[in-house]
Amino acid sequence: MAASTEDLLARCVATWCAGATGIANATRLSGGASQETWSFDIVHPDGNIGAILRRAPPGYGAAPDRAAGLGAEAMLMQRAYAAGIPSPRVMHVLSPADELGTGFIMGRVDGETIPRKVLRDEQFAGARPKLARQLGGVLAKIHALSPSQLPELRRMTAAGEIAELERDYRNLNWPRPVFDLALRWLRDNDPGPSSEVTLVHGDFRHGNLIIGPDGTRAVLDWELAHFGDPMEDLGWICVNSWRFGEIDKPVGGLGSREELFAGYEAEGRKVDAARVHFWEVMGTLRWGIMCCGMMQRFRSGPDHSMERAMIGRRSSETEIDLLRLLAPRHRRRA
Amino acid sequence: MQDEPTPTELIHAVADFLRNDVMPAMSGHKAFKLRVAINALDLVTRQLTLEQNSDAAEHARLTQLLGKDGSLQELNRALAEGISKGEIGLQTSGIAEHLWQTTMDKLAVDQPNYASYRRELERGSSREPTS
């Protein structure tokens, strides 16, 4: 019989963590068949060390077409950590000898990722007014990472992204005139290639940020990282879907664009507000099409879950948000 | 002709049972899944209640905008294609109003508590769900 994940983890940890006597409290957190996240404690005489395993199990090596791959993710986190960006510390990159598949082990960072808790709970009341500005500063540091020290990643442009979204939308084969309107607007308003190409996190929003009462503690999930227009990240975090009801606070329901931009520019980088707006429209459409994709996967299986089905019915949320962006009924914008 | 109670009444009754009698006994992931299930049943109830009128109104608007008849899906395909080609746009008379009304009618079924929808409802009676 094959050794359990717990046994393999204990054996792996012993090879690089001096003094470790084993592991405890291993719990699988989330993910589908091709990618798993585990939380566990490294048992150590000086006190247990909280750890996270992120891996593709043996036999699930290939990343989906948009994904950077777990090796690249580990390297990005190491670079981010070294540059002083809030980030978990990567402790070990899996090797074939570990027999755990591909991936890495990182330190567990305490804090909250659930948006509604970050936006409502009393313990974050002190952090909330500072977060929009702080997140601007974090993004500026991400965009300042030197490409020569980063792994190979996809190079994306606005035109390429529009073409991908159009292809995904056409594959759904279900008419959504508001999506056509948005695609048309994006084609007509494409600002062209960015004069500066930087690392783009690609999914910088609630859920991928660990927040503590003191502010941002870690940036997670570099799966969609690529090289492209840095303004994409600023637009994506302003998408209304990440405001969770706080629609007058565009930056994740936390604060204003002005605060985000001020935090960004305080790090010596420039904001192009028109490009940010363009990417907000793109991001809203992208999330809408992703919701439709969930519905498709629900239909075709194997994940025939209610949750996926119901996410399909959230795509209309992005339609109203696209209309609010592109055909506002009052000249007042949130 | 099928007999009473109607599907709407049955689903409504099941959702109320799950909400009032089963939910208090649930916790953790099962409670989360149950909440999703109840939301799904509530959505179906709203669709069964609202769809007929909103579809009829949408169909009437589309036949007038496009100057032709067809099924709701055919007409929506024609509109989507016209917008994609740039033959129809926000400058076309009646288009913005049509897209807004159609979208408001979708939200009334899908997510009536969505904040953007609540905000737009407050803007005026003309955007209320077709009833």
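Structure's up top.
Residues numbered from 1 in each chain as written. Chains lettered and ligands numbered in written order. Predicted model: local features only at pLDDT ≥ 70, side-chain atom pairs only at ≥ 80, totals over all residues. Heavy atoms only, no water.

Residue and element names in this part refer to chain A. Core analysis: the biggest nonpolar cluster contains 87 residues, and I142, L199, F204, W222 and L285 have the highest contact counts within it. Looking at this core, the element that brings in the most residues is helix α9 (residues 273-300), giving eight residues. When residues of this core are assigned to domains, at least three map to each of domain 1 (5-107) and domain 2 (115-326). Leave out the neighbours within four places in its chain, and L285 touches L165, F179, A182, L183, L186 and L322. Core analysis: the second largest hydrophobic core is formed by 16 residues, L8, I23, M91 and L100 among them. (Core = buried A, V, L, I, M, F, W, Y, C linked by side-chain atoms within 4.5 Å. Buried < 20%, exposed > 50% of the residue type's maximum accessible area, 1.4 Å probe, protein only. Helix = DSSP H or I, 4+ residues; strand = E, 2+ residues; numbered from the N terminus. Domains from an automatic or database assignment. Contact = heavy atoms within 4.5 Å.)

Residues and elements named next belong to chain A. Inspection of every chain in the model, using the stated rule, returns 35 salt bridges over all chains. Taking the shortest distance from any N to any O, the salt bridge between R176 and E319 comes out at 2.9 Å. Separated by 143 residues along the polypeptide, R176 in the loop between α5 (158-172) and α6 (177-189) and E319 in helix α11 (residues 315-326) bring together distant segments of the chain. Owing to a relative accessible area of 11%, R176 belongs among the buried residues under this scheme. E232 is paired through a salt bridge with R286; the nearest N and O atoms lie 3.2 Å apart. Taken together, the residues span a long stretch of sequence, with E232 in helix α7 (residues 231-236) and R286 in helix α9 at a distance of 54 residues. (Salt bridge = Lys/Arg side-chain N within 4 Å of Asp/Glu carboxyl O.)

Along the chain, the position of B:S84 falls in helix α3 (residues 72-85). Once residues lying within four places of it in the same chain are set aside, the contact partners of B:S84 are A:E166, A:R170, A:D180, A:R184 and A:R187.

The next thing to look at is the sheet that holds strand β3 (residues 49-56) of chain A. Residue and element names in this part refer to chain A. The strand order across the open sheet formed by five strands is β1-β2-β3-β5-β4, and the pairing between neighbours is antiparallel. This sheet does not close on itself; its edge strands, each paired only once, are β1 (22-30) and β4 (90-93). Recorded for the sheet is a direction-independent mean angle of 25° between the axes of neighbouring strands. Where strand β2 (residues 36-43) and β3 come together, seven bridges link them in antiparallel fashion. Among the inter-strand pairings, E36 is bridged to a residue of β3, identified as R55. Its contacts with the sheet put helix α1 (residues 5-16) on β1, β2, β3, β4 and β5 (102-107), and the angle it makes with β2 is roughly 55°. Sitting on the sheet, helix α2 (residues 70-82) touches β3, β4 and β5, and the angle it makes with β5 is about 25°. (Pairing = 2+ DSSP bridges. Axes fitted to C-alpha atoms, helices over the stretch in contact; angles between N-to-C directions.)

At the interface, 35 residues of chain B touch 35 residues of chain A. Surface buried jointly by chain B and chain A totals about 3,400 Å² across both partners, of which 58% is contributed by carbon and sulfur atoms. Considering only the surface of chain B that becomes buried against chain A, B:W100, B:Y114 and B:R123 emerge as the three largest contributors, covering 19% of it. One can count six salt bridges joining chain B with chain A. (Buried area = accessible area lost by both parts, 1.4 Å probe.)

Here we take up helix α8 (residues 257-265) of chain A. All names here are of chain A. Those residues of α8 that sit buried are R257, L260, F261, G263 and Y264. Burial along α8 is one-sided: seen end-on, the buried residues are contained in an arc of 160°. As for α8, its buried residues are in contact with α4 (128-143), α7 and α9. (Arc of directions from axis to C-beta.)

Attention shifts here to empty space enclosed by the protein. Residues and elements named next belong to chain A. Applying the stated rule across the entire model yields two cavities of 30 Å³ or more. Here the largest cavity is characterised by a volume of approximately 50 Å³. If you go around the largest cavity, the residues you meet are R155, M156, T157, A158, G192, P193, S194, G228, D229, R275 and W279. Among the residues making up the lining of the largest cavity, the classes are represented as four nonpolar, four polar and three charged. Computed from the structure, the second largest cavity encloses a volume of approximately 30 Å³. Forming the walls of the second largest cavity are E161, E232, W236, W279, M282, G283 and R286. Of the residues that constitute the lining of the second largest cavity, the class distribution is three nonpolar, one polar and three charged. (1 Å grid on protein atoms, 1.4 Å probe; cavity = no way out; pocket = protein on both sides within 12 Å on 5 of 7 lines; lining within 4 Å. Points joined across faces, edges and corners; volume = space filled by probe spheres on them. Nonpolar A, V, L, I, M, F, W, Y, C, P; charged D, E, K, R; others polar.)

Time to look at the layout of surface pockets. Here the second largest pocket is characterised by a volume of approximately 1,200 Å³. Lining the second largest pocket are 41 residues, and of these A:W174, A:R176, A:R313, B:Q47 and B:K106 sit closest to its centre. For the lining of the second largest pocket, the leading source of residues is helix α2 (residues 28-66) of chain B, giving nine residues. Residues that form the lining of the second largest pocket fall into these classes: 20 nonpolar, 11 polar and 10 charged.

This part is about the packing of aromatic side chains. In this description, an aromatic ring pair is defined by two values, namely the gap between the centres and the angle between the planes. Taken as a whole, this structure holds five aromatic pairs over all chains when the rule is applied. An angle of 70° between the planes, with centres 5.9 Å apart, marks the rings of A:Y169 and A:F179 as edge-to-face. One end of the pair, A:Y169, is in helix α5; the other, A:F179, is in helix α6, and 10 residues separate them in sequence. Through a chain of ring-to-ring contacts, three or more aromatic side chains come together here, namely A:W185, A:F278 and A:W279. When the ring centre of A:W236 is taken as origin, the NZ or CZ atom of A:R286, which lies over that ring, is 4.4 Å away. Taking the ring centre of B:W100 as reference, the NZ or CZ of A:R329 above it sits at 4.6 Å. (Phe/Tyr/Trp six-rings, centres within 6.5 Å; stacked < 30°, edge-to-face > 60°. Lys NZ or Arg CZ within 6 Å of the ring centre and 35° of its normal.)

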